[in-house]
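Listed below, chain by chain, are the residues.
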Amino acid sequence: MTSALAIEHAQHMALKDFDRFAKLHVIASMQPYHAIDDGRWAEKRLGHDRARYSYAWRSFLDHGVTLAFGTDWPVAPLNPVLGLTLRSRAPHWMAKNPDGWIPEEKITLPEAVGAYTMGSAFAEFQQREKGSITPGNSPTW
Ligand SMILES: [Zn+2]
């Protein structure tokens, strides 16, 4: 698959967008930590129905869309473990949404790690050099 386009902060989507991302091979670049920020106020601003496809990780993957995760540092904490925690359950300090903001959009830990590593490498055309420990990759550092 080739792709030349990523949409950064693909955080609040409409249902019709997933087929469009897939058809056009657009990468969904997201920063999972922002689900904490947005989870506190987005539904109030967007309304319940429009907020349903916020942080729609499961929907993107189920449509065959490449996810590229990042931390968005220095806007958000650099530690990607915080984002990995969010993909399947809410941290204890996210009391507003103890089961996750939108539980239907949870993904597995391997899927989340893949989005942080291989997905992000693919998004910057570096998948042969980083993103995985693969025979044949030629690290440049
Ligand atoms: Zn950003």
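Further up the page is the structure itself.
Residues numbered from 1 in each chain as written. Predicted model: local features only at pLDDT ≥ 70, side-chain atom pairs only at ≥ 80, totals over all residues. Heavy atoms only, no water.

This part takes up the packing of aromatic side chains. Counted according to the given criterion, the structure contains 6 aromatic pairs. Look at phenylalanine 18 and phenylalanine 60: their rings are 4.9 Å apart centre to centre, the planes differ by 75°, and that puts the pair in the edge-to-face class. Of the two residues, phenylalanine 18 is situated in helix H1 (residues 15-24) and phenylalanine 60 in helix H4 (residues 57-62); the sequence distance between them amounts to 42 residues. Among the aromatic residues, ring-to-ring pairing joins Phe18, Phe21, Tyr53 and Phe60 into one connected group. The aromatic ring of tyrosine 53 is capped on one face by arginine 52, whose charged end is 4.3 Å from the ring centroid. (Phe/Tyr/Trp six-rings, centres within 6.5 Å; stacked < 30°, edge-to-face > 60°. Helix = DSSP H or I, 4+ residues; strand = E, 2+ residues; numbered from the N terminus. Lys NZ or Arg CZ within 6 Å of the ring centre and 35° of its normal.)

Now for the pairing of strand E2 (residues 27-30). Neither face of E2 is exposed, since Ile27 and Ser29 on one face and Ala28 and Met30 on the opposite face are all buried. The pairing of E2 with strand E3 (residues 67-69) spans 3 bridges and is parallel. Looking across to E3, one finds that serine 29 is bridged to alanine 68. (Buried < 20%, exposed > 50% of the residue type's maximum accessible area, 1.4 Å probe, protein only. Pairing = 2+ DSSP bridges.)

Right, let's talk about the sheet that holds E3 for a bit. Here 3 strands make up an open sheet; going across it, the order is E1-E2-E3 and the pairing parallel. Looking at the sheet topology across the chains shown, the edges are occupied by strand E1 (6-8) and E3. Direction aside, the axes of adjacent strands within the sheet are offset by 25° on average. Note that E1 and E2 share 3 bridges and pair parallel. Residue pairing for E2: isoleucine 7 is matched across the bridge by alanine 28. (Axes fitted to C-alpha atoms, helices over the stretch in contact; angles between N-to-C directions.)

Bringing the pattern of salt bridges into the picture now. Evaluation of the coordinates by the stated rule reveals 5 salt bridges. A salt bridge links arginine 20 to aspartate 17; its shortest N-O distance comes to 3.7 Å. Residue arginine 20 and its partner aspartate 17 are both found in helix H1; the two are separated by 3 residues, about one turn of the helix. Judged by its relative accessible area of 13%, aspartate 17 is buried. Between arginine 58 and aspartate 62 there is a salt bridge, with its nearest N and O atoms 3.1 Å apart. One end of the pair is arginine 58 and the other is aspartate 62, both in helix H4 and 4 residues apart, which spans about a single turn. (Salt bridge = Lys/Arg side-chain N within 4 Å of Asp/Glu carboxyl O.)

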